Amino acid sequence: MNAKNFLVSGIVGGIIEFFLGWLFYGMLFKDYFPPNENMNMLLIFLGCMTVGLFIAFIYTRWAHITTMMTGLKSGAVIGLFLALYYDFFDNAMKATADIDCKVIGLDILITIVMTSIVGAVIAFVNGKMTNKK
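Now for a look at the structure at hand.

Definitions and cut-offs
- All residue numbers refer to positions counted from 1 along the written sequence of the respective chain.
- Local features are withheld for residues below a pLDDT of 70 in this predicted model, meaning they are given only at 70 or higher, and side-chain atom pairs are given and counted only at 80 or more; totals for whole chains, interfaces and linings count all residues.
- Where side-chain values are given, they derive from all heavy atoms of the structure, hydrogens and water being excluded.
- Only C-alpha atoms enter the line fits that serve as axes; for helices the fit covers just the stretch in contact. Angles between N-to-C directions range over 0 to 180 degrees.
- Segments assigned H or I by DSSP are reported as helices when at least four residues long, segments assigned E as strands when at least two residues long, and all are numbered from the N terminus.
- In this scheme, roughly parallel covers angles under 35 degrees and roughly antiparallel covers those over 145, while 65 to 115 is roughly perpendicular and the rest are oblique.
- Left-handed describes a crossing in which the near helix is turned anticlockwise from the far one by less than a right angle; the clockwise case is right-handed.
- The criterion used for residue contact is that any of the two residues' heavy atoms lie within 4.5 Å.
- Residue polarity is assigned by list, with Asp, Glu, Lys and Arg as charged and Ala, Val, Leu, Ile, Met, Phe, Trp, Tyr, Cys and Pro as nonpolar; anything else, Gly included, falls into the polar class.
- Each nonpolar core is a collection of buried residues, namely Ala, Val, Leu, Ile, Met, Phe, Trp, Tyr and Cys, held together in the definition by side-chain atoms within 4.5 Å.
- Between buried and exposed lies partly exposed: a residue is buried under 20% and exposed over 50% of the maximum accessible area for its type, with that area taken using a 1.4 Å probe on protein chains only.
- Whenever a nitrogen or oxygen atom comes within 3.5 Å of another N or O atom, the pair is scored as a polar contact, on the condition that within protein one atom can donate a hydrogen and the other can accept it, and that pairs from neighbouring residues in sequence are kept only if both atoms are in side chains.
- Here the expected span of a helix is defined as 1.5 Å times the quantity of residues minus one.
- Any pair of Phe, Tyr and Trp rings, taking the six-membered ring for Trp, is counted once the centres come within 6.5 Å. Such a pair is stacked with planes under 30 degrees apart, edge-to-face with planes over 60 apart, and tilted for the rest.

Quick look at the packing of helix 2 (residues 41–63) against helix 3 (residues 68–92) now. Helix 3 packs onto helix 2 with a crossing angle of 125° between their chain directions and a minimal axis gap of 12 Å. Taken together, the axes of helix 2 and helix 3 are oblique relative to one another. Seen along the crossing, helix 2 lies across helix 3 with a hand that is right-handed. For the pair formed by helix 2 and helix 3, the contact residues are Phe54, Ile55, Ile58 and Tyr59 on the first element and Gly71, Ser74, Gly75 and Ile78 on the second. Among the residues making up the contact of helix 2 with helix 3, the classes are represented as five nonpolar, three polar and no charged.

Structural data, given as C-alpha cells:
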C-alpha cells in the first residue's frame, strides 16, 4: 500500500464527505433530519475523515481501485452496508417505539449517494497519484 495515496485520497474523501453531509443533512433534507443543538462539529468532521480514510484504505490496500466508475460502484456498496449497520443500531437504541421506516430508507439512500461520490473522488485521486509514478 502506498501510504501517500492512502492519506491524500482519504483526507480528500473525508473533506468531500463532510461537505456532502452538510449539503444533504443540513440543507436538502433538514426537515427529515433536524439539527441537534448539542452537535459537536469536530466529532462530525472526525467521523467524516474516518469514513474517507476507511474507503481509501480499502481502495489502496486491498482493491487497488483507481477509476471513478469503479470507485462510484464500490462506494455505493460500502455505503449500503454502512447505512444498514448505522440505521439498525441507531433505531434499536431509541427510547420510543415510533420508528419511521421512510426516514430510515431516506438515510440509507443518502448514505449510498454520499459514499458513491466519495468513493469516486477517492478513486480519482488515487488513480491520478498512481499514474504519476
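Next comes the rest of the account.
Turning next to the nonpolar core. Ile55, Tyr59, Ile110 and Ile122 are the most contacted members of the largest nonpolar core, which has 18 residues in total. Sorting the residues of this core by element identifies helix 1 (3–28), helix 2 and helix 4 (101–131) as the ones contributing at least two each. At seven residues, the largest contribution of residues to this core is made by helix 4. Every residue in contact with Ile110, bar those within four places of it in the chain, is listed here: Phe24, Tyr25, Phe29 and Phe33.

Attention shifts here to the side chain of Thr115. Summarising the element assignment, Thr115 is placed in helix 4. Within the structure, the side chain of Thr115 is placed 3.4 Å from the backbone oxygen of Ile112, a separation counted as a polar contact. If near-sequence neighbours (up to four positions away) are discounted, Thr115 is found in contact with Glu17, Ile55, Gly75, Ala76 and Gly79.

Turning to the packing of helix 1 against helix 4, a few remarks are in order. Running from amino to carboxyl end, helix 1 crosses helix 4 at an angle of 150°, the nearest separation of the two axes being 9 Å. As far as their axial angle goes, helix 4 and helix 1 are roughly antiparallel. When the axes of helix 1 and helix 4 are compared, the crossing they make is right-handed. Among the residues making up the contact of helix 1 with helix 4, the classes are represented as 15 nonpolar, eight polar and three charged.

Here helix 3 contains 25 residues, and its C-alpha end-to-end distance of 35 Å stays within 8% of the 36 Å for a straight helix at 1.5 Å per residue. Turning to helix 3, its buried residues are Gly71, Gly75, Ile78, Gly79, Ala83, Asp87 and Asn91. Where helix 3 is buried, its residues touch helix 2 and helix 4.

Looking now at the packing of aromatic side chains. Enumeration over the complete set of coordinates arrives at seven aromatic pairs. Pairing Phe6 with Phe57 gives two aromatic rings, centres 6.0 Å apart and planes at 80°, and the pair type is edge-to-face. Of this pair, Phe6 sits in helix 1 while Phe57 is found in helix 2, placing the two residues 51 residues apart along the sequence. The exposure class of Phe6 is buried, given its relative accessible area of 16%. Note on Tyr25 and Phe33: the rings are 5.0 Å apart at their centroids and 85° apart in plane angle, and the pair reads as edge-to-face. When its relative accessible area of 23% is taken as the criterion, Tyr25 is described as partly exposed. Grouped by ring-pair contacts, the aromatic residues Phe6, Phe57 and Trp62 constitute a single cluster.

Time to look at the environment of Ala83. In this structure, Ala83 sits in helix 3. Along the chain, Ala83 and Gly105 lie 22 residues apart, while their C-alpha atoms are 9.4 Å from each other. When neighbours within four sequence positions are excluded, Ala83 is seen to be in contact with Ile108 and Thr111.

These figures come from the coordinates and say nothing about function on their own.
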